Amino acid sequence: MRAVQAPIIPITAEMIRAHPGTISLGQGVVSFGPPRQAIAALASFSGGLEDHHYGAVEGTDALVEALRAKLESDNAIRLDAASRIVVTAGANMAFMNAILAVTDPGDEVILQSPYYFNHDMAITMAGCRMVPVATDANYQLLPDAVRRAITARTRAVVTISPNNPSGAVYPEAAVREINATCADRGVYHIHDEAYEYFTYEDARHFSPGSIPGAAAHTISLFSMSKTFGMASWRVGYMIVPARLFESINKIQDTILICPPLVSQHVALAALRVGSGYCRAKVAELASVRKMVLAAFDGISDLCTVPRPDGAFYCLVRVHLPLDPLTLVERLIRDHRVAAVPGTAFGLDGCHLRVSYGALDAHTVEEGIQRLVGGLRAISRQV
Ligand SMILES: Cc1ncc(COP(=O)(O)O)c(C=O)c1O
């Protein structure tokens, strides 16, 4: 475990606690909770004793069937006997299940850099080697570089779109290219779609699981944490090639036994409300995003913000000769605003991940003003 990086959020949270009044632009959560219909459904839980026993390892039939319909309507993924849906305790668990199922210790898994830190952590915990492949200056995929990084030990290529930490949305053609490369080279394509509805302007979400013939080598990960504001309920799901089901079943039976029935009950009611719930929130976030980007435009001499078309993150390249954790400490101590240092995502140089999804628009605006003012002030001191 010493080889596994320490999760960064609790570290910055400690600094924030020590400086009351700090606005955190660090947390990767949404500012809304589940639909009221989902909470209302709690009243109908716990009718019978079976609600208090263990459920099926892969999730309740009712939820799996509802997910099947959702995947068809929202993601154009038509599942047949070649694939299985497994409900998990969140997309992080789905990722860990996938890594344990497809690797042996010593194998390699390719991540796009900057990467999501829990993916790096999961791969290291499984005794595997995380191979980072750089993205371009706009944090977009470099399929040739991915191809070059595949070796005889590679078991999977991981992509996330819309992306955490960069907010990049990968175009359909690039996702297809990676998926086809994985098929050619006999490795799995693990695609994380936790932010599937969080796209802005012309960006479109694309699910590689919808590609004909992709079912045999594609593992798609989804989450209810962001889309339905259900982070604490711990519900995610994965689509896996049917031949992996037995392995996933062993892993999940050992770690979780079953996803909590109460959470699945609430998730089912949320799914019945549908994606419109999240899309309305994303429409509101769109103007917050515009405000954030405009504020950064005003200090373009100090930083560059590659265009984030999705999720609710900007990954800011700061042109200051500072270690990003030191910069974050100074921003919290002297300017009462927090962001996440880019080192957590495997980036060299000075980067900050700024999240604009967790707070109301007014507080984000105040936080961004503090951040912009803080960067300006710090730039005069270094
Ligand atoms: C890309 C990505 N995948 C997965 C997760 C975790 O999702 P869950 O709460 O479903 O485990 C996050 C959370 O920030 C994320 O950014």
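Reference entry: report on the structure contained in this document.

About the thresholds
Residues numbered from 1 in each chain as written. Predicted model: local features only at pLDDT ≥ 70, side-chain atom pairs only at ≥ 80, totals over all residues. Heavy atoms only, no water. Helix = DSSP H or I, 4+ residues; strand = E, 2+ residues; numbered from the N terminus. Rg over C-alpha atoms; globule rule 2.2 N^0.38 Å. Buried < 20%, exposed > 50% of the residue type's maximum accessible area, 1.4 Å probe, protein only. Contact = heavy atoms within 4.5 Å. Areas by Shrake-Rupley, 256 points an atom, 1.4 Å probe, with all protein chains shown as cover. Near = heavy atom within 4 Å. Polar contact = N/O pair within 3.5 Å; in protein donor to acceptor, adjacent residues only side chain to side chain. 1 Å grid on protein atoms, 1.4 Å probe; cavity = no way out; pocket = protein on both sides within 12 Å on 5 of 7 lines; lining within 4 Å. Sits in = over half its atoms within 2 Å of the grid points. Points joined across faces, edges and corners; volume = space filled by probe spheres on them. Nonpolar A, V, L, I, M, F, W, Y, C, P; charged D, E, K, R; others polar. Pairing = 2+ DSSP bridges. Axes fitted to C-alpha atoms, helices over the stretch in contact; angles between N-to-C directions. Expected span 1.5 Å × (residues − 1). Right-handed = clockwise from strand over helix to strand, strands pointing away. Salt bridge = Lys/Arg side-chain N within 4 Å of Asp/Glu carboxyl O. Phe/Tyr/Trp six-rings, centres within 6.5 Å; stacked < 30°, edge-to-face > 60°. Core = buried A, V, L, I, M, F, W, Y, C linked by side-chain atoms within 4.5 Å.

### Points about the overall build of the protein chain
Consideration 1: Across its full length, the protein chain carries 12 helices and 13 strands.
Consideration 2: Over its C-alpha trace the protein chain gives a radius of gyration of 21 Å, about what one expects of a compact globule, namely 21 Å for 382 residues.
Consideration 3: Seen through its principal axes, the protein chain has C-alpha atoms that stretch 60 × 55 × 40 Å.
Consideration 4: Here the protein chain, with 382 residues, has 56% of them falling under the buried criterion.
Consideration 5: Here the contacts in the protein chain between residues at least 6 apart in sequence split such that 76% fall between residues at least 24 apart.
Consideration 6: For the protein chain, the exposed surface amounts to about 15500 Å²; the carbon and sulfur share of it is 53%.

### With respect to the site of the ligand
Consideration 1: If you check the shell around the ligand, you find 13 residues, and the closest are Ala91, Asp192, Tyr195, Ser223 and Ser225.
Consideration 2: The backbone of asparagine 92 places a nitrogen or oxygen atom 3.0 Å from an oxygen atom of the ligand.
Consideration 3: The fraction of the free accessible surface of the ligand (400 Å²) that becomes covered by protein chains is 93%.
Consideration 4: In this structure the site holding the ligand corresponds to the largest pocket.

### Regarding the layout of surface pockets
Consideration 1: There is about 470 Å³ of room inside the largest pocket.
Consideration 2: If you go around the largest pocket, you meet 23 residues; those closest to its centre are Gly28, Asn92, Tyr116, Asn118 and Lys226.
Consideration 3: Listing elements by their share of the lining of the largest pocket, those giving two or more residues are helix H1 (8–18), helix H4 (91–102) and helix H5 (117–125).
Consideration 4: Classifying every residue of the lining of the largest pocket gives 12 nonpolar, seven polar and four charged.

### Topic: the sheet that holds strand E7 (residues 218–223)
Consideration 1: Pairing is mixed across the open sheet formed by seven strands, whose spatial order is E2-E8-E7-E6-E5-E3-E4. In this open sheet, the two strands that pair with only one neighbour each are strand E2 (83–88) and strand E4 (129–134). Within this sheet the neighbouring strands show an average axis-to-axis angle of 20°, counted without direction.
Consideration 2: Relative to strand E8 (residues 236–241), E7 is paired through four bridges, and the arrangement is antiparallel. Within E8, the residue paired with phenylalanine 222 across the bridge is tyrosine 237.
Consideration 3: Helix-sheet contacts for helix H3 (residues 61–75) involve E2, E7 and E8, and the interaxial angle to E2 is about 115°.
Consideration 4: Sheet strands in contact with H5 are strand E3 (108–113), E4, strand E5 (154–160) and strand E6 (188–192), and its direction is about 165° off that of E3.

### Notes on helix H9 (residues 261–273)
Consideration 1: An ideal rise of 1.5 Å per residue puts 18 Å on 13 residues; H9 measures up with 19 Å between its terminal C-alpha atoms.
Consideration 2: Among the residues of H9, those classed as buried are Leu261, Ser263, Gln264, Val266, Ala267, Leu268, Ala269, Ala270 and Leu271.
Consideration 3: Note on H9: the residue one or two positions beyond its end, glycine 274, has a positive phi of about 95°.

### Focus on the pairing of E5
Consecutive side chains of a regular strand alternate in pointing toward one face of the sheet and then the other.
Consideration 1: Among the seven residues of E5, six are classified as buried, and the element is accordingly described as predominantly covered.
Consideration 2: Bridge analysis of E3 against E5 gives three bridges, and the strand direction is parallel. In the sheet register, isoleucine 110 faces E5, and the bridge partner there is valine 157.
Consideration 3: For E5 and E6, the ladder comprises five bridges, and the chain directions are parallel. Counted as the bridge partner of valine 158 is isoleucine 190 from E6.
Consideration 4: Each parallel crossover has a hand, and for E5 linked through helix H7 (residues 172–185) to E6 it is right-handed.

### Overview of the pattern of salt bridges
Where charged atoms from two side chains of opposite charge come close, those side chains can pair.
Consideration 1: Inspection of every chain in the model, using the stated rule, returns 17 salt bridges.
Consideration 2: The shortest N-O distance in the salt bridge between aspartate 107 and arginine 155 comes to 3.2 Å. Within this pair, whereas aspartate 107 is found in the loop between H4 and E3, its partner arginine 155 is found in strand E5, the two being separated by 48 residues in sequence.
Consideration 3: Overall, the relative accessible area of 28% leaves arginine 155 in the partly exposed class.

### Some thoughts on the packing of aromatic side chains
Consideration 1: Per the counting criterion, the structure on display carries 10 aromatic pairs.
Consideration 2: Taken together, a centroid distance of 5.4 Å and an interplanar angle of 40° make the contact between tyrosine 116 and phenylalanine 117 tilted.
Consideration 3: Residue tyrosine 116 is classed as buried on the basis of its relative accessible area, which comes to 16%.
Consideration 4: Take phenylalanine 117: its relative accessible area is 6%, and that puts it in the buried class.
Consideration 5: Ring centres of tyrosine 195 and tyrosine 313 lie 5.6 Å apart, and the angle between their planes is 80°; on these two criteria the pair is classed as edge-to-face. Here tyrosine 195 is found in the loop between E6 and E7, whereas its partner tyrosine 313 is found in strand E10 (residues 313–318), with 118 residues between them in sequence.

### Regarding the nonpolar core
Consideration 1: Residues Phe198, Phe296 and Leu371 are the most contacted members of the largest nonpolar core, which totals 71 residues.
Consideration 2: For this core, the element with the highest residue contribution is helix H10 (residues 276–297), accounting for eight residues.
Consideration 3: Residues contacting phenylalanine 198, with those up to four places away along its chain left out, are Val30, Phe32, Pro162, Lys226, Thr227, Cys278, Val282, Leu285, Asp309, Gly310, Ala311 and Phe312.
Consideration 4: Formed by 28 residues, the second largest nonpolar core is a distinct cluster that contains Val86, Cys128, Met238 and Ile251.

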